[in-house]
Amino acid sequence: MKRILVLLVLGLFLITGCDSEPVQIDKANGDSLTYLFFKDKYDESKYYFEFLDRNTAKNDSTKIIMARDDDKYYYEINGSSNMIVIQKDGIRYTLDSRMKTYFKEDIVAFEDFSLGILPSDMDDLKTKGYETGKEKILDQKLRYERYTYDTYTSTYYFKGDDLVYIKEVTPLKTVVLKYSDCKDSFKKSLFNVPDSYIEMTY
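Residues numbered from 1 in each chain as written. Predicted model: local features only at pLDDT ≥ 70, side-chain atom pairs only at ≥ 80, totals over all residues. Heavy atoms only, no water.

Let's talk about the overall build of the protein
Okay, so step 1: A tally of helices and strands in the protein yields 3 helices and 13 strands.
Okay, so step 2: Taken over C-alpha atoms, the radius of gyration comes to 21 Å for the protein, far larger than the 17 Å a tight globule of 202 residues would show.
Okay, so step 3: Dimensions of the protein, computed from C-alpha atoms along their principal axes, come out at roughly 80 × 35 × 35 Å.
Okay, so step 4: When the 202 residues of the protein are sorted by exposure, 39% land in the buried category.
Okay, so step 5: Look at the contacts in the protein between residues 6 or more apart in sequence, and 48% of them connect residues 24 or more apart.
Okay, so step 6: Only carbon and sulfur atoms are counted for the fraction: they give 51% of the accessible area of the protein, which is about 12,300 Å². (Helix = DSSP H or I, 4+ residues; strand = E, 2+ residues; numbered from the N terminus. Rg over C-alpha atoms; globule rule 2.2 N^0.38 Å. Buried < 20%, exposed > 50% of the residue type's maximum accessible area, 1.4 Å probe, protein only. Contact = heavy atoms within 4.5 Å. Areas by Shrake-Rupley, 256 points an atom, 1.4 Å probe, with all protein chains shown as cover.)

Notes on the environment of Val169
Okay, so step 1: Relative to the elements of secondary structure, Val169 occurs in strand 11 (residues 162-169).
Okay, so step 2: Judged by its relative accessible area of 30%, Val169 falls in the partly exposed class.
Okay, so step 3: As a C-alpha pair, Val169 and Thr62 span 107 residues in sequence and 20 Å in three-dimensional space.
Okay, so step 4: Excluding its chain neighbours within four sequence positions, the residues that come into contact with Val169 are Thr151, Tyr152, Thr153 and Thr174.

A few points about the pairing of strand 4 (residues 72-78)
Okay, so step 1: Inspection of the sheet shows strand 3 (residues 63-69) paired to strand 4 by 7 bridges, in the antiparallel sense. Bridge pairing in strand 4 links Met66 to Tyr75.
Okay, so step 2: Linking strand 3 back to strand 4 in an antiparallel pair, the connection comprises 2 residues, with Asp70 at a positive phi of about 55 degrees.
Okay, so step 3: One ladder, built from 6 bridges, connects strand 4 with strand 5 (residues 82-88); its direction is antiparallel. Residue Tyr74 lies in a different strand from strand 5, and its bridge partner there is Ile86.
Okay, so step 4: The loop that links strand 4 with its antiparallel partner strand 5 comprises 3 residues. (Pairing = 2+ DSSP bridges.)

Some remarks on the nonpolar core
Okay, so step 1: Ranked by size, the top nonpolar core spans 26 residues in total, and within it Phe38, Phe49, Phe51, Met66, Ile117, Leu118 and Leu163 carry the most contacts.
Okay, so step 2: Within the residue set of this core, elements represented by two or more residues are helix 2 (33-38), strand 2 (46-53), strand 3, helix 3 (122-127), strand 10 (153-159), strand 11 and strand 12 (174-182).
Okay, so step 3: Among the elements that take part in this core, strand 12 stands out by supplying 4 residues, more than any other.
Okay, so step 4: Excluding anything up to four places from it in sequence, Leu118 contacts Phe38, Tyr42, Tyr47, Phe49, Phe51 and Tyr156.
Okay, so step 5: Residues Ile65, Ile84, Tyr93 and Phe191 belong to the second largest nonpolar core, which totals 14 residues. (Core = buried A, V, L, I, M, F, W, Y, C linked by side-chain atoms within 4.5 Å.)

Some thoughts on a negative patch on the surface
Okay, so step 1: Judged by side-chain charge, Asp43, Asp70, Asp71 and Asp89 come together as a negatively charged surface patch.
Okay, so step 2: We classify Asp43 as partly exposed; its relative accessible area is 37%. (Patch = residues over 30% accessible without salt bridge, like charges linked within 9 Å, V, L, I, M, F, W, Y side chains within 5 Å. Salt bridge = Lys/Arg side-chain N within 4 Å of Asp/Glu carboxyl O. Lys, Arg positive; Asp, Glu negative; His and termini not counted. Charge placed at Lys NZ, Arg CZ, Asp CG, Glu CD.)

A short note on a nonpolar patch on the surface
Okay, so step 1: On the surface, a nonpolar cluster with roughly 400 Å² of combined accessible area is contributed by Ile198, Met200 and Tyr202.
Okay, so step 2: Note that Ile198 resides in strand 13 (residues 198-200).
Okay, so step 3: By relative accessible area, Ile198 is classed as exposed at 54%.

Structure representation (structure tokens):
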């Protein structure tokens, strides 16, 4: 009886004690938490996501919006200051919603603000290897899945099946966002500069 009890305690220790140890999954099979979270609510060419900034404080109310409709991109930071970037037809529009002004510039390639935050290829994500375990982020110990790419890593933190945080790390920066919301549909006018805005030239 004592031997059985010792084995049970040892087994329990091994299960709980190793729970935080990183595990490398060499090849996924469409069963990662990250893939399962995004697969029914995300299309790489058409999406709308809202996040809360967690780079300066864990209760920061600054909202970040990322949206795309094929070759049109939208990025907004709305907090103590407000900036909107709309990219379409080879032009980048940078809007100041408080001053009701915008600046326009020709661009060779769109800047994808979602890179490292949202998956860029769902087919690749389905089978891509990753590291998983538990670690502390902003005073919470959460299950994570960390994906490594050429120039950055993307880490997705979960509470159960629910996405809580996303962390992108590059050689130049670390970005932490709290997942807030996503929408299946949104107004096409999101990608238009309001008529009331005045163009600024420099």
